[in-house]
Protein chains: 2
Amino acid sequence: MDSWLLELRFKKEILKDSKLSETFMNGLVEAVHLIMDGGRVVFKNNNDYVNQGFTVFIQEPNISSVLIQGTRDGVLTFDLHLLSVVEPEVFDQKVLAFHNKLVKHEGIVRRETSEFEPMGRIKRGRKFSPYERTTTGLVIEHDFDKLVFDGKSSYQTVRILHSMQFGNCLVLDNDMNLSESDLPYTVAITGGGREDYRGKNVLILGGGDGGILHHLRDKGARMITMIDIDRMVVDAAKIHLRGICGDAMDKEEGDNYKIIVGDCVPHLKKFAAEGQKFDYVINDLTAIPISLEPTGSFWDFLRLILSLSIDVLEDDGKYFTQGNSSNMRDALRMYEEQLNKLEVKVSFTKETVCVPSYHELWVFYTLWKSAQS
Amino acid sequence: MDSWLLELRFKKEILKDSKLSETFMNGLVEAVHLIMDGGRVVFKNNNDYVNQGFTVFIQEPNISSVLIQGTRDGVLTFDLHLLSVVEPEVFDQKVLAFHNKLVKHEGIVRRETSEFEPMGRIKRGRKFSPYERTTTGLVIEHDFDKLVFDGKSSYQTVRILHSMQFGNCLVLDNDMNLSESDLPYTVAITGGGREDYRGKNVLILGGGDGGILHHLRDKGARMITMIDIDRMVVDAAKIHLRGICGDAMDKEEGDNYKIIVGDCVPHLKKFAAEGQKFDYVINDLTAIPISLEPTGSFWDFLRLILSLSIDVLEDDGKYFTQGNSSNMRDALRMYEEQLNKLEVKVSFTKETVCVPSYHELWVFYTLWKSAQS
């Protein structure tokens, strides 16, 4: 089942004249017959259009339906539903004809900034939804054409969907994590290409898609330790996200790297207890939380990881992490307030980057211990 | 007026049992009452749910309405319409409660890959629509918060909308042209930062937003000539798109540049007649057309510009142009076929680039005259 959502503004004065009003309604119904041959009005709410708005529902049982709603402030919406999947292209053409007829119906349309903008075909009832809401609630339609992997681990739902333009995409708990076209993410969270990793000791928290490990593996680091909790992500990435991880995770231990599948918290505590230090700590665990106050389990987790990471960071080391959408100004501000409250004084910079599959500009942070005064 | 579109898959076997079926329908209506207090069922189509699908329409006159449609193949859709703008946040919470109740209603929901995915609030009847359909028909919601400029020139509708993340955006005929965050576009269409413009003679076709001129003006070119047809675009850009054009168009003539407002075709013909040649021709006029066959006025225009441009190109010169979305494979293939049919033999390379506000990966071409064999 698919739906087309259309809208226009009508001239309210038309409805004040009962004769014109009748013409108006008949015009609408006539236009609708361009879409459905056997459709009949099965519901019409009242005739006091001006004061109460109006509703007309037209149905061709089992094939299609049209809901027309007019509000008192002059907004007219048309929802065209195609219930059966017969000849969708033909239906598209009919919607276009309907659209054109209404736009040309000068008598009812008020020419304003808001033109008659069909939202296009909304795809419904599919095996996987192409729609995602971004962090800031914007609707984005993806060009997914294949569900490549579908699993549920102890931690999250793990899906890999194929996008025609972005390649395979890792989607965790319905949230786009990384696509094979998202190198800018990996570059940003490893310091924007401005760091010299030669001889350095690197810790990656999360990063189960293997992108960071793959990106850094040939940069001459002395040792890279990656700790991700979800075996399912690592295993699925190895097979389906080669455009992200290459062969970096085919073996879980190499000359200069080691992959640990497990919870990073006890490992961080152990490193701290042993006095192990890292030149770079890259926190790829999760975006910073969105909430009205910096409280709750997500923020506690964030502060725990942050403070454990600072504990194991060399004095001249750097900590990289993603923030959130550049539009999430309150969340970013609250995060920065947390940074200023840390026991060890830190300084930070941030950078805004376009990660293709995110459809939102994304903020990344670099932290380092401030020189003690 | 706003709408929320929800969906789930129901177990058809429930409907085969008339008693369960009654329970099912009552459950739905009960859930709907979480959203609307005074709502009553004003239309219900039939009781032969299994064979014919079903429709229930519930209305709170003047405030909200809910259309529930079930198809024979087990897709259940809910369209929740808020007609009045009273307390939209409260309504959001009610939708969430409704959503949760249905998801928990294990008896009716079939657990499949397609989970219960609310598309979020669809914003309707606004002064300007936040929705755009990309070249490939994908729905994208923009974070526009202000209509900065609204005009209609002899050639097109010219709008500048403010996006919270991308800054001001030039929208021509409802098509996103360029935002203040789209430097990657300008870099790509000027050769990806790999060209040395010092001492060169450059021709820009279109480019009325001023981005290319601004980007190249301090790269040491001998002369840059820009020809754009639309005075309204140039004038609006000068004021509202400073993040794109800087001060490049404040004066329309400078030491090493000249802006001509006019049709580029007669100018190209005049340049050719005079034997004027350019080291770089940058065609920023329009994306390559989308059509099933490489015929029609758009393609004729494209071929005309292309052949005139090749006429005025130095033998070792380069021609840059945008192509289209990387997903428009047929259009790109047809364009490349046209290139191979030109009288003067040309070679080309292409590059795929992420232009933030486009929400689609975009292809750019570089052409040059092949060495004659």
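Quick note: structure is the one above.
Keep in mind that this is a model prediction, so the values were computed, not measured.

### What to know about the overall build of chain A
Check the secondary structure of chain A and you find 11 helices and 20 strands. The globule rule puts the C-alpha radius of gyration for 373 residues at 21 Å, and the 28 Å found for chain A is more than 25% above it. Along the first, second and third principal axes, the C-alpha atoms of chain A reach 85 × 45 × 35 Å. For chain A, buried positions account for 46% of its 373 residues. A separation of at least 24 residues holds for 61% of the contacts in chain A among residues at least 6 apart in sequence.

### Quick notes on helix H10 (residues 297-311) of chain A
Here H10 of chain A is 15 residues long and its end C-alpha atoms lie 21 Å apart, about the 21 Å a rise of 1.5 Å per residue gives. Listed as buried for H10 of chain A are Leu302, Ile305, Leu306, Leu308, Ser309 and Ile310 of chain A.

### Section: the interface of chain B and chain A
Taken together, the 55 residues of chain B in the interface contact 56 residues of chain A. Mapped by element, the contributors of at least two residues to the side of chain B that touches chain A are strand E1 (2-9), strand E2 (40-44), strand E3 (54-60), strand E4 (64-70), strand E5 (75-82), strand E7 (131-133), strand E8 (139-141) and strand E9 (144-152) of chain B. Considering each element in turn, the side of chain B that touches chain A owes the most residues, 4 residues, to E5 of chain B. Per-class residue counts for the side of chain B that touches chain A are 21 nonpolar, 23 polar and 11 charged.

### Looking at the environment of Val346 of chain A
All names here are of chain A. Along the chain, Val346 turns up in strand E19 (residues 346-354). On the basis of neighbour counts, which here come to 17 C-beta atoms within 10 Å, the residue Val346 falls in the partly exposed class. Sequence-distant contacts of Val346, that is, excluding residues within four places in its chain, are made with Ile310, Leu339, Leu367, Trp368, Lys369 and Ser370.

### As for the packing of helix H9 (residues 264-274) of chain B against helix H10 (residues 297-311) of chain B
A pair of packed helices is captured by two measures, namely the crossing angle of their axes and the spacing between those axes. Residue and element names in this part refer to chain B. Viewed as axis vectors pointing N to C, H9 and H10 meet at an angle of 30°, and their least axial separation amounts to 9 Å. Of the possible angle classes, the one that applies to H9 and H10 is roughly parallel. For the pair H9 and H10, the sense of crossing is left-handed. Where H9 abuts H10, its residues Val265, Leu268, Lys269 and Ala272 lie against Leu304, Leu308, Ser309 and Asp311. Classifying every residue of the contact of H9 with H10 by side-chain character gives 5 nonpolar, 1 polar and 2 charged.

### Looking at the sheet that holds strand E10 (residues 157-163) of chain B
Within a sheet, adjacent strands bond to each other through the backbone by hydrogen bonds, running parallel or antiparallel. Residue and element names in this part refer to chain B. Read across the open sheet, the 4 strands follow the order E9-E10-E11-E12; overall the sheet is antiparallel. Looking along the sheet, the strands with just one partner apiece sit at the ends: E9 and strand E12 (175-179). Direction aside, the axes of adjacent strands within the sheet are offset by 25° on average.

### A word on the pairing of E10 of chain B
All names here are of chain B. Within E10, 5 of the 7 residues are buried, which leaves the element mostly enclosed by the surrounding structure. The pairing of E9 with E10 spans 7 bridges and is classified as antiparallel. Looking across to E10, one finds that Lys146 is bridged to His162. Hairpin geometry of E9 and E10 is characterised by an intervening segment of 4 residues between the two adjacent antiparallel strands. The pairing of E10 with strand E11 (residues 167-172) spans 6 bridges and is antiparallel.

### Describing the relation of the copies chain B and chain A
You can overlay chain B on chain A at an RMSD of 0.0 Å; the transform is a turn of 180° with a shift of 0.0 Å along its axis. The relationship between the two copies is best expressed as a two-fold rotation axis. Among all residues of chain B, the one whose C-alpha sits closest to the rotation axis is Ile140 of chain B, at a distance of 2.4 Å. Both copies share a contact surface, since 100% of the interface residues of chain B are interface residues in chain A too.

### Considerations on the sheet that holds strand E18 (residues 313-325) of chain A
All names here are of chain A. Taken in spatial order, the 8 strands make up an open sheet running E15-E16-E14-E13-E17-E18-E20-E19, and their pairing is mixed. A single partner strand is all that each edge strand has here, and the edge strands are strand E15 (253-254) and E19. Where E15 meets strand E16 (residues 257-261), 2 bridges bridge the pair, whose relative direction is antiparallel. Looking at the pairing, Gly254 lines up with Tyr257 of E16. Against the sheet, helix H11 (residues 329-340) makes contact with E18, E19 and strand E20 (361-369), and its axis sits at roughly 160° relative to E18, the strand it touches most.

### Some details on H11 of chain A
For an α-helix the count is 3.6 residues per turn, leaving residues at separations of three or four pointing the same way. Residue and element names in this part refer to chain A. Between its first and last C-alpha, H11 extends 17 Å over 12 residues, near the 16 Å set by a 1.5 Å rise per residue. Among all positions of H11, only Ala331, Met334 and Tyr335 are buried. Seen from one end, H11 has its buried residues packed into an arc of 100°, which puts them on one side. Along H11, the residues that are exposed and aim more than 90 degrees away from the buried face are Arg329, Arg333, Glu337 and Asn340. Looking at the packing, one finds that the buried side of H11 touches E18.

Conventions used here
- Residues numbered from 1 in each chain as written.
- Chains lettered and ligands numbered in written order.
- Predicted model: local features only at pLDDT ≥ 70, side-chain atom pairs only at ≥ 80, totals over all residues.
- Helix = DSSP H or I, 4+ residues; strand = E, 2+ residues; numbered from the N terminus.
- Rg over C-alpha atoms; globule rule 2.2 N^0.38 Å.
- Buried ≥ 20, exposed ≤ 12 C-beta atoms within 10 Å, placed from the backbone.
- Contact = placed C-beta atoms within 7 Å.
- Expected span 1.5 Å × (residues − 1).
- Nonpolar A, V, L, I, M, F, W, Y, C, P; charged D, E, K, R; others polar.
- Axes fitted to C-alpha atoms, helices over the stretch in contact; angles between N-to-C directions.
- Parallel < 35°, antiparallel > 145°, perpendicular 65-115°, else oblique.
- Left-handed = near helix turned anticlockwise from the far one by under 90°.
- Pairing = 2+ DSSP bridges.
- Least-squares fit on C-alpha atoms with pLDDT ≥ 70 in both.
- Arc of directions from axis to C-beta.

In short, shape yes, function no, at least from these values alone.
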